[in-house]
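Letter by letter, the chains look like this.
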Amino acid sequence: MLSKAVVKYIKSLQIKKYRKQHQAFVVEGAKSVLELLQADFELEYVFITEPFYRQHTSSLPQGLAFDVVTEEELVKAGSFSSNNAALAVARIRQLPPLQIKKEELVIALDDVRDPGNLGTIIRIADWYGIKSIVCSETCADFYNLKVISATMGSFTRVNVHYLNLAEWLQQHTKEFSIYGASLAGESLHAMALKPEGIVVLGNEANGIRPEIAAQVNQLIKIPSFGEAESLNVATATAIIIDNFRRHTQP
């Protein structure tokens, strides 16, 4: 049974201030928890239901410490309106300093604040084999529950670094091709792209900020054939990255 103290602790981790204070975050749902259990995160709590245990016994790591609870208890502690599977609390992973290779493709996000969009972009990066995402300090928090949920487990394989994006890009302008998504850019369809460099995408409403655009050495755009004013930033990320990967084999 989940104690009141544990429920209160789990609820507190829905707030960024307390995630930072406790250096911990919450993962909910069957897919995300299973991915977490196979990754190298340190676990504080694992709560699972009896049906989840019966279905996934062979997938659970040997020696895993967990408690069997009811669906009602998971819903009470977590943020999902229904959860008949699992909930876990893990320690925030301390990443080594970011180092990228010249032949690597990296996504950089400027002020992307919507958690669902960030989570989807992390999942897209995982699909296309991109290991690093660089975020401005105003982007949504990687460990936000909505971000974690939207990644569908990809949060375990993609590293997200938060830093002063303008300064970081300035350090790489001579060494790397830096592409910025912009309606004023060159059509992706007219370009011969290699899967390397840094691709910058901006805020859902305002695009890339001027101080970020100043560090970009090639503006690019997705050509439009209809009348929509813009694309969702996660959708745009998928289309752009697919164009960079189009001529490479998995």
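Residues numbered from 1 in each chain as written. Predicted model: local features only at pLDDT ≥ 70, side-chain atom pairs only at ≥ 80, totals over all residues. Heavy atoms only, no water.

## Comments concerning the environment of Tyr162
To keep things clear, this is the line we draw: A run of DSSP states H or I qualifies as a helix once it reaches four residues; a run of E qualifies as a strand once it reaches two. Both are numbered from the N-terminal end. Residue contacts are defined here by distance: any two heavy atoms, one from each residue, within 4.5 Å place the two residues in contact. Polar contact is defined as a pair of N or O atoms within 3.5 Å, subject to the rule that within protein one atom must be able to donate a hydrogen and the other to accept it, and that residues adjacent in sequence are counted only when both atoms are side-chain atoms.
As for its position among the elements, Tyr162 is in strand β7 (residues 159-163). Separated by 25 residues in the primary sequence, Tyr162 and Glu137 have C-alpha atoms spaced 5.4 Å apart. Not counting residues up to four positions away in its chain, the partners in contact with Tyr162 are Leu118, Cys135, Ser136, Glu137, Cys139, Ala140, Asp141 and Phe142. In this structure the side chain of Tyr162 is engaged in a polar contact, spanning 2.5 Å, whose partner is the backbone oxygen of Ala140. A polar atom in the side chain of Tyr162 sits 2.7 Å from the backbone nitrogen of Phe142.

## Some remarks on the pattern of salt bridges
Rules: What makes a salt bridge here is a side-chain nitrogen of Lys or Arg within 4 Å of a carboxyl oxygen of Asp or Glu, nothing more. To sort residues, take the accessible area from a 1.4 Å probe on protein chains only and compare it with the maximum for the residue type: under 20% means buried, over 50% means exposed, and anything in between is partly exposed.
The final tally for this structure, using the stated rule, is 10 salt bridges. The partner of Glu35 in a salt bridge is Lys31, with the nearest N and O atoms 2.8 Å apart. Taken together, the residues span about one helical turn, with Glu35 and Lys31 both in helix α3 (residues 30-38) at a distance of four residues. Judged by its relative accessible area of 40%, Lys31 falls in the partly exposed class. With a closest N to O distance of 2.6 Å, Arg209 and Asp110 form a salt bridge. In this pair, Arg209 sits in the loop between β9 (197-201) and α9 (210-213) while Asp110 sits in the loop between β5 (105-109) and α6 (115-127), placing the two residues 99 residues apart along the sequence. Under the relative-accessibility criterion, Arg209 is labelled partly exposed at 29%. One connected set of salt bridges, linked through shared partners, spans Lys31, Glu35, Asp126 and Arg157.

## A word on α6
Worth spelling out the cut-off: Between the first and last residue of a helix there are one fewer steps than residues, each counted as 1.5 Å, and that sum is the expected span.
Relative to the 18 Å expected for 13 residues at 1.5 Å per residue, α6 spans 18 Å between its end C-alpha atoms, a close match to the ideal helical length. Taken together, the buried positions of α6 are Pro115, Asn117, Leu118, Gly119, Ile121, Ile122, Ile124, Ala125 and Asp126. At its buried positions, α6 is contacted by β5, β6 (132-136), α7 (145-151), β7 and α10 (233-245). At the N-terminal end of α6, a side-chain oxygen is found 3.0 Å from the backbone nitrogen of Gly116, two or three residues along, and the residue is Asp114. Of the residues one or two after α6, Gly129 is the one with positive phi, at around 75 degrees.

## A closer look at the sheet that holds β6
Within a sheet, adjacent strands bond to each other through the backbone by hydrogen bonds, running parallel or antiparallel. Selection rule: In this analysis, strands are considered paired if DSSP registers two or more bridges between them. An axis is simply a line fitted to the C-alpha atoms; with a helix, the fit covers only the stretch in contact. Between two such axes, the angle follows the N-to-C directions and lies from 0 to 180 degrees.
Judged by pairing direction, the sheet is parallel, and its six strands sit side by side in the order β7-β6-β5-β9-β8-β10 without closing on themselves. Strands at the two margins of the open sheet, each flanked by one partner only, are β7 and β10 (218-221). Pairs of neighbouring strands in the sheet enclose a mean axial angle of 35 degrees, with direction left out of account. Looking at chain direction, strand β8 (residues 178-187) and β10 are connected through five bridges and run parallel. Bridge pairing in β10 places Tyr179 opposite Gln218. Helix-sheet contacts for α10 involve β5, β8, β9 and β10, and the interaxial angle to β9 is about 160 degrees.

## Remarks on the nonpolar core
In globular proteins that are soluble, nonpolar side chains generally tend to be buried together. Counted only if it meets this: Buried residues of nine kinds, namely Ala, Val, Leu, Ile, Met, Phe, Trp, Tyr and Cys, make up a nonpolar core once their side-chain atoms join them within 4.5 Å.
Of all hydrophobic cores here, the largest spans 52 residues; its most connected members are Phe25, Ile107, Leu109 and Ile133. Here this core gets six residues from one element, more than from any other, and that element is α10. The residues contacting Ile133, other than those within four sequence positions of it, are Ile107, Leu109, Ile121, Ile122, Ala125, Val158, Asn159, Val160 and His161. Of all hydrophobic cores here, the second largest spans 16 residues; its members include Trp168, Ile198, Ile212 and Val216.

## What about the sheet that holds strand β1 (residues 24-28)?
Taking strand neighbours across the sheet as the criterion, the four strands line up as β1-β4-β2-β3 in an open arrangement whose pairing is mixed. Edge strands, defined here as strands with exactly one partner in the open sheet, are β1 and β3 (67-68). Its contacts with the sheet put helix α1 (residues 4-12) on β1, β2 (43-48) and β4 (86-91), and the angle it makes with β2 is roughly 110 degrees. In the packing of α3 onto the sheet, the strands contacted are β1, β2 and β4, and the crossing angle to β1 comes to about 130 degrees.

## Thoughts on the environment of Lys101
By the element assignment, Lys101 lies in the loop between β4 and β5. Overall, Lys101 belongs to the exposed group, its relative accessible area being 56%. Taking the C-alpha atoms as reference points, Lys101 and Glu186, 85 residues apart in sequence, are found 25 Å from one another.

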